[in-house]
Amino acid sequence: MDYKQTVFLPKTEFPMRGGLPKKEPEILERWQKLGLYDQLRKARKNAPKFVLHDGPPYANGQLHIGHALNKILKDVINRSQSMLGKNANYVPGWDCHGLPIEWKIEEQYRKKGKDKDEVPIAEFRQECRDFAAHWLNIQSEEFQRLGILGDWGNPYTTMRYEAESIIAAEMGKFLMNGSLYRGSKPVMWSPVEKTALAEAEVEYSDHKSVTIFARFKVVSCPLQELQGASFVIWTTTPWTMPGNRAMACGAEIPYSALRITETSDSSLAKLGEVICLADELKDRVFDETGIVKADVVTRFTGADIAGSVAHHPMFSQGYDHDVPLFLADYVTTEQGTGFVHIAPGHGPEDYALAHLKHGVEVPDTVGEDGLIAEHLPLFGGMHVLRDNQKIADIMNEYGGLIGIGTLVHSYPHSWRSHAPVIYRNAAQWFVSMGDEHVDGTGLRSVALDALQNTDFYPASGQKRLISMIENRPDWCLSRQRAWGVPIPVFYHKQTGEPLRDQAVVDRIVSAFAEEGCDVWFTSPAARFLGADYNEADYIQVKDIADVWFDSGSTHAFVLETREDLQSPADLYLEGSDQHRGWFHSSLLESCGTRGQAPYKGVLTHGFVLDEQGRKMSKSLGNVVAPQKIIQQNGADILRLWVVSSDYYDDLRIGPEIIKRQTDHYRRIRNTLRYLLGAVNGFDRSTEAVQPAEMPELERWVLHRLAELDQQIRENTCAYDFHGIFTLIHDFCNSDLSAFYFDVRKDCLYCDEQNSLDRRACRTVMDHALQCLISWVAPVLCFTADEAWLAYTGDETDSIHLHTYMDVPDHWRDQLVADRWVKIRSLRSEIMVALEAARNDGTIGGGLSAEVKLTASQDTADLLNGIDLASLLITSAAEIDIGDTANLQISVRRAEGGKCVRCWKVFAYLPAENEQAICSRCETVLIAKSED
RNA sequence: AGGCGCGUAGCUCAGAUGGUUAGAGCGCACGACUGAUAAUCGUGAGGUCGGCAGUUCGACUCUGCCCGUGCCUACCA
């Protein structure tokens, strides 16, 4: 007789191997048919909302691993909040405006030989719009393949008319409350393309510059000895000299005044003149200017001469303004003279020091075409890149220089034309950080206050964002671009004052809502100005708003406009780079218009690196594509990778790490599979056993379920999925597979089907299975769905429509828990002894052994009431009480015959009989035959 | 160069307020089982806790410096 047929083995359709790459798309299709997203919304309609507001990715390419990490983490959080019973509605979005898309379209133009400037702006913008829509669709597909559950049928985009109009309305709020102002600042400017460039459009390469040493004669100085002396500056950009309005030196730097006593023939320096230089640079300057000898007149530091005033080198030639000397900590003695020439219109640092700090006016000296303004004496009409030698010569002619040279150095160039770029002063629109406009408090302090009331995950993010807000300058909203929301402002031709009229703003906003913001470029200004203003009196701003303003307004046009969402959001979640980006701009936008942050919590994750911790790059060939992992291993593996990493820090990924994830996956999958097989056909109404009637081991499992349930709920609230994953994995691994399942196999397989012990075991396994599926559902969303389907057989249901299983409080039993910690440690001690016996050939499998313990009374008490043999999975085990403190373990081969059904060895069975049946099994067989 | 982080076994991670031989899981090696079977069980070997110096009776845990690395800025006259 084949006794295998009489043993109650686990039975399930749930396959051991997932075959995820093939299975997952089928599950996605199932969810589609089921209308999972809609069903969940309906079911949670009245539940408390949980809003994780999606930071919009940029719609211009395929997903990379960083996108995958970000969206998976969001999905895990949403699904887990849903498992807590909340209405976690996820509305994905896209950022559509901006430079990179504009570039792509321009690139296409160049290939076709078209000129961007000849294409009507509306047409150009339409092409950008189409481009964004194209990638948006591709990304949507890819996100959905990752298992991300959300409102994919109705996502938000920054380019929808409604969004564009609300973005404009938001700018209108800043306009109306007075914090939007017209200023100017130096921007990177390409004279060739006649356009401003973004940082990202600039590349550095070598450039040969004409350098000059120019003298600034002292007019007044705290040090009397410097009367009649000159400060000498060095610059690589002679063309900025007409724009010079100041100088800077370092407070701590030692300088000397030097009377020149000998020069080479070609030197421009004059014998007898006194020049000031940093001591450290004296020799190099002498070398380059042909000064041979000089006497030290006096020594001093920058601090001694702060507040000095000098003459411009071209003084009395039309540059008759005074040039003040300021202290600046960025002045170094690495090169130059120790004195830095300051042209506030031609460098960010110059601007900050002279204009922002000292209030020096910023002159407009260079036109869009890179030509020095015609009205400027001597240099008018000269080109900033081509005419530097000429400028130097003229300055020399008028005695302004003590040296001319050249320098090859790294210099910014335009990415597109590869021509050198310059800093040029340009009119810009700013949002003030400090002006009082919201309840009498400046934006900066409102924002800082808001951050105090925001939860950060990890906590260090708060410090980072605070220090950025503390230090940032006013928000420059202007971009000299085409693809974006225009800054919807008019300003007066004469006064330069922006037009602040809510009626005008409203007309603009409603036009944008109906026709999109292209109308700003295609409709006459009168349409917006209405009858109250004369078109001829106003200039219409044609700048595009910084795209960070777009995405910074998502709370306004998504959270506040959708009935199914709310503001502020519970959570914003992005990579740590977004401290500078979305977290930052959203905070400022919301604080400036609503006086509060648009989020209650901010979670940041790290960046994805390769297995060695290097950043991914095409040249290193270490790029891991999410598409490839999905194709080879499945999205669940990628999702498992996310939660098995410490995502607050940078994450690593590579072949070995993926391999480890598949190992972990298999462990969890096999645990589910075993449970599914074990509870096959389980009927709760007739089979279930109450905890009080269960063996203690079963009550220990229930206790563990209760313990885990609490930990998992707590960790869910803290967004700590790494912790959850570890708990679940170790539970599957150590508690269930290696211990509980193994110990209970005999009972499950061989005991009489309806024995109390077996029913208790199946009851506990049924609970464990339900808990486990619900616990892993947020992460292994596909596998959990598949397991649940195998469990219920109900095609109309999904685990994702459920919550974490209810675990009754009374399952907790700390006394049992404490006791079983001790029992298990005792058990592993005995396992060592069994292993030793196995290695010396005394025994093979555990059932071929019998164990005899000599133990203390305490140990014996610990094991009281427990079937020691089944705990150890041996054929027999007994315990004697001895007076020894240490446990003595003796293992020997079990004597007797082996039961052909349960494989245990019994002394009463004849060893030679290969058909012997033990008494337990005989009873079971009789009962079975009576069925 | 500056701001904010990170650096514990091959891999992923634990290690309140400094205190006995630094933990877990995976992987690996060896073994067992063949009734979870491209599974399962057991045992074991792996770490100068990035480096150096200091504070302390005592530091993976505190301080300083250095090295490596990531994000964000600045790369300038």
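Residues numbered from 1 in each chain as written. Chains lettered and ligands numbered in written order. Predicted model: local features only at pLDDT ≥ 70, side-chain atom pairs only at ≥ 80, totals over all residues. Heavy atoms only, no water.

S.K.: Looking at this model, I keep getting lost on the overall build of chain A. Mind explaining?
M.R.: Check the secondary structure of chain A and you find 30 helices and 33 strands. Computed over the C-alpha atoms, the radius of gyration of chain A is 39 Å, more than 25% above the 30 Å expected from 2.2 N^0.38 for a compact globule of 931 residues. Dimensions along the principal axes, computed over C-alpha positions, put chain A at roughly 125 × 70 × 55 Å. Entry remark: accessible area of chain A is about 39,400 Å², with carbon and sulfur atoms responsible for 48%. Positive and negative side-chain charges of chain A, numbering 95 and 131 respectively, have mean locations separated by a distance of 4 Å. (Helix = DSSP H or I, 4+ residues; strand = E, 2+ residues; numbered from the N terminus. Rg over C-alpha atoms; globule rule 2.2 N^0.38 Å. Areas by Shrake-Rupley, 256 points an atom, 1.4 Å probe, with all protein chains shown as cover. Lys, Arg positive; Asp, Glu negative; His and termini not counted. Charge placed at Lys NZ, Arg CZ, Asp CG, Glu CD.)

S.K.: Looking at this structure, I do not really get the protein's contact with RNA strand B. What am I missing?
M.R.: What surrounds RNA strand B is a group of 65 residues, the closest being Thr235, Ser644, Arg673, Asn733 and Arg901. Within 4 Å of the protein, the atoms of RNA strand B are drawn from sugar and phosphate moieties in a proportion of 78%. Separating a sugar or linking oxygen of RNA strand B from a side-chain N or O atom of Thr235 is a distance of 2.4 Å. Between RNA strand B and Asp646 there is a distance of 2.6 Å, counted from a phosphate oxygen to a backbone nitrogen or oxygen. At the level of elements, β7 (230-235), β14 (339-342), α12 (460-471), α21 (655-678), α24 (721-750) and α27 (814-839) are the ones that each hand at least two residues to the surface near RNA strand B. The biggest single contributor to the surface near RNA strand B is α24, with eleven residues. Of the residues that constitute the surface near RNA strand B, the class distribution is 20 nonpolar, 20 polar and 25 charged. (Near = heavy atom within 4 Å. Polar contact = N/O pair within 3.5 Å; in protein donor to acceptor, adjacent residues only side chain to side chain. Nonpolar A, V, L, I, M, F, W, Y, C, P; charged D, E, K, R; others polar.)

S.K.: Even after reading the chapter, I still don't get the sheet that holds strand β4 (residues 180-190), so can you show me in this structure?
M.R.: Working definition: the strands of a sheet are paired by backbone hydrogen bonds and lie parallel or antiparallel to each other. If you walk across this open sheet you meet the four strands as β5-β4-β16-β20, and the pairing is antiparallel. Only two strands of the sheet have a single partner each, and these edge strands are β5 (195-196) and β20 (475-476). Looking at chain direction, strand β16 (residues 422-431) and β20 are connected through two bridges and run antiparallel. Among the inter-strand pairings, Val431 is bridged to a residue of β20, identified as Trp475. (Pairing = 2+ DSSP bridges.)

S.K.: Teacher, can you tell me more about α27 here?
M.R.: Residue pairs spaced three or four apart in an α-helix point in one direction, given the helix's 3.6 residues per turn. End to end, α27 covers 38 Å across 26 residues, agreeing with the expected 38 Å (1.5 Å per residue, within 8%). Within the sequence span of α27, burial applies to Val816, Ala817, Trp820, Ile823, Leu826, Arg827, Ile830, Ala833, Leu834 and Ala837. Buried residues in α27 make contact with α23 (696-717), α24, β29 (849-855), α28 (857-862), α29 (868-872) and β31 (888-893). For α27, the N-terminal capping position is held by Asp813, with its side-chain oxygen 3.3 Å away from the main-chain nitrogen of Leu815. Positioned one or two residues after α27, Gly841 has a phi angle of 85 degrees, which is positive. (Expected span 1.5 Å × (residues − 1). Buried < 20%, exposed > 50% of the residue type's maximum accessible area, 1.4 Å probe, protein only. Contact = heavy atoms within 4.5 Å.)

S.K.: How do you make sense of the pattern of salt bridges when you look at a structure like this?
M.R.: If the charged atoms of two oppositely charged side chains come close together, the side chains can form a pair. Tallied over the full model, the rule gives 48 salt bridges. A salt bridge links Lys390 to Asp387; the shortest N-O distance between them is 3.9 Å. The class of Lys390 is partly exposed, set by a relative accessible area of 46%. For Asp387, a relative accessible area of 15% corresponds to the buried category. Across the salt bridge formed by Asp610 and Arg614, the nearest N and O atoms sit 2.8 Å from each other. For Arg614, a relative accessible area of 36% translates into the label partly exposed. (Salt bridge = Lys/Arg side-chain N within 4 Å of Asp/Glu carboxyl O.)

S.K.: Quick question: what am I supposed to make of a negative patch on the surface here?
M.R.: A surface patch of negative charge is lined by Asp646, Asp649, Asp650 and Asp720. Structurally, the position occupied by Asp649 is in the loop between α20 (635-644) and β28 (651-652). Residue classification places Asp649 among the partly exposed residues on the basis of a relative accessible area of 46%. (Patch = residues over 30% accessible without salt bridge, like charges linked within 9 Å, V, L, I, M, F, W, Y side chains within 5 Å.)

S.K.: For this particular structure, what's the right way to read the sheet that holds strand β1 (residues 52-53)?
M.R.: With respect to topology, four strands assemble into an open sheet ordered β1-β25-β26-β19, the strand pairing being parallel. Looking at strand neighbours, the two that pair on one side only are β1 and β19 (455-457), the edges of this open sheet. Of the strand pairs in this sheet, β1 and strand β25 (residues 571-575) are connected by two bridges, and their pairing is parallel. Paired with Leu52 across the two strands is Leu571, which belongs to β25.

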